[in-house]
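# What the coordinates show
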Amino acid sequence: MKRIGLLIMVSIITCAASPVFARDTKHMFPIKEGMNTPAAKEKLNQGIKLYFGGQKHPKVEKSFGEFTSNKKTNALNKDDHEACDWSLLSALLSLQERAVNEGGNAVINIRSYYKKNEAGGAGEYECHAGAVMAGVTLRGEVVKLAK
């Protein structure tokens, strides 16, 4: 009998605590702000250009295909915007690294691709933030642009 009572109590506590950890707040933040953080200015590879949405770019000489980067970051002790900007930076760095590995010099048509849903455009990115983690997924085409 004590065991059943204990199981009921544990179940109630678990159910009551679950919503705290299950937060999944969707945000749309400006890409420009995320790329102008001190960390982004320091870490982004200036030799690999980034073009969002339908931004104009030089002529494509060669395409290496589309690639997706899904990055999460620790959101503890950060507001959602700060955590999302860190996730954005991680995803952009990943796309730039892919471009270097493939022999490209740019990533074009970058867009949010969270849970395979395209969102935003040239001006915004989608981020989902919870109590512990924040995440951004980007998709873009790695290319070699004419100089």
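Located above this text is the structure these notes cover.
First, a word on scope: everything that follows refers to the structure included in this document.

### A closer look at the side chain of Asp85
Its location among the elements puts Asp85 in helix 4 (residues 80–102). One buried charged residue, Asp85, forms no salt bridge at all, with the nearest opposite charge on Lys78 at 12 Å. Each residue touching Asp85, except ones within four places of it in the same chain, is listed here: Glu33, Gly34, Thr37 and Tyr125.

### Some points on the state of the cysteines
In total, this model carries 1 disulfide according to the counting rule given. For Cys84, the disulfide goes to Cys127, at an S-S distance of 2.0 Å. Judged by the sign of its S-S torsion, about -80°, the cystine formed by Cys84 and Cys127 is left-handed. Taken together, the residues Cys84 in helix 4 and Cys127 in strand 6 (residues 124–129) connect sequence positions 43 residues apart. For Cys84, a relative accessible area of 0% translates into the label buried.

### What about the environment of Thr137?
Looking at the element boundaries, Thr137 is found in strand 7 (residues 133–145). Residue classification places Thr137 among the buried positions, given a relative accessible area of 6%. Once residues lying within four places of it in the same chain are set aside, the contact partners of Thr137 are Thr68, Ser69, Asn70, Arg111, Ser112, Tyr113 and Tyr114. Only 3.2 Å separates the side chain of Thr137 from the side chain of Asn70, close enough to count as a polar contact.

### Details of the nonpolar core
Of all hydrophobic cores here, the largest spans 28 residues; its most connected members are Leu92, Val107, Ile110, Tyr125 and Leu138. Of all the elements in the fold, those that place two or more residues in this core are helix 3 (38–43), strand 2 (49–52), strand 3 (60–74), helix 4, strand 4 (106–114), strand 6 and strand 7. Considering every element that reaches this core, the biggest residue donor is helix 4, with 8 residues. The residues touching Leu138, leaving out its near neighbours within four places in the chain, are Phe67, Thr68, Ser69, Leu88, Ala91, Leu92, Leu95, Ile110, Arg111, Ser112 and Tyr113. Formed by 5 residues, the second largest nonpolar core is a distinct cluster that contains Tyr51, Ala106, Ile108 and Leu145.

### Concerning the packing of aromatic side chains
For the coordinates displayed, the defined rule picks out 1 aromatic pair. One cation-aromatic arrangement involves Arg139 over Tyr113; the distance from NZ or CZ to the ring centre is 4.9 Å.

Definitions and limits used
Per chain, residues are indexed from 1 in the order of the written sequence. It should be noted that, the model being predicted, local features are given only for residues of pLDDT at least 70 and side-chain atom pairs only at 80 or more, the latter also being counted only at that level, while totals for whole chains, interfaces and linings use all residues. Based on all heavy atoms of the structure, the side-chain values leave hydrogens and waters out of the count. Numbering of helices and strands runs from the N terminus, with a helix taken as a DSSP run of H or I at least four residues long and a strand as a DSSP run of E at least two residues long. For every residue, the accessible area (1.4 Å probe, protein chains only) is compared with the maximum for its type, and the residue is labelled buried under 20%, exposed over 50%, or partly exposed between those bounds. Residues scored as charged are limited to Lys and Arg (positive) and Asp and Glu (negative), so that His and the chain ends carry no count. We define a salt bridge as a contact between a side-chain nitrogen of Lys or Arg and a carboxyl oxygen of Asp or Glu at a distance within 4 Å. Two residues qualify as a contact provided that any one of their heavy atoms is within 4.5 Å of a heavy atom in the partner residue. In what follows, a disulfide is any cysteine sulfur pair within 2.5 Å. Here a polar contact is taken to be a pair of N or O atoms separated by no more than 3.5 Å, where protein atoms must pair a possible hydrogen donor with a possible acceptor and residues adjacent in sequence count only if both atoms sit in side chains. Here, the term nonpolar core denotes a set of buried Ala, Val, Leu, Ile, Met, Phe, Trp, Tyr and Cys residues that are joined through side-chain atoms within 4.5 Å. Aromatic pairing here means that ring centres of Phe, Tyr or Trp (its six-membered ring) are within 6.5 Å. Orientation follows from the plane angle: under 30 degrees is stacked, over 60 is edge-to-face, and everything else is tilted. The criterion is that NZ of a Lys, or CZ of an Arg, lies within 6 Å of the ring centre and within 35 degrees of the ring normal, and then a charge sits over that ring.

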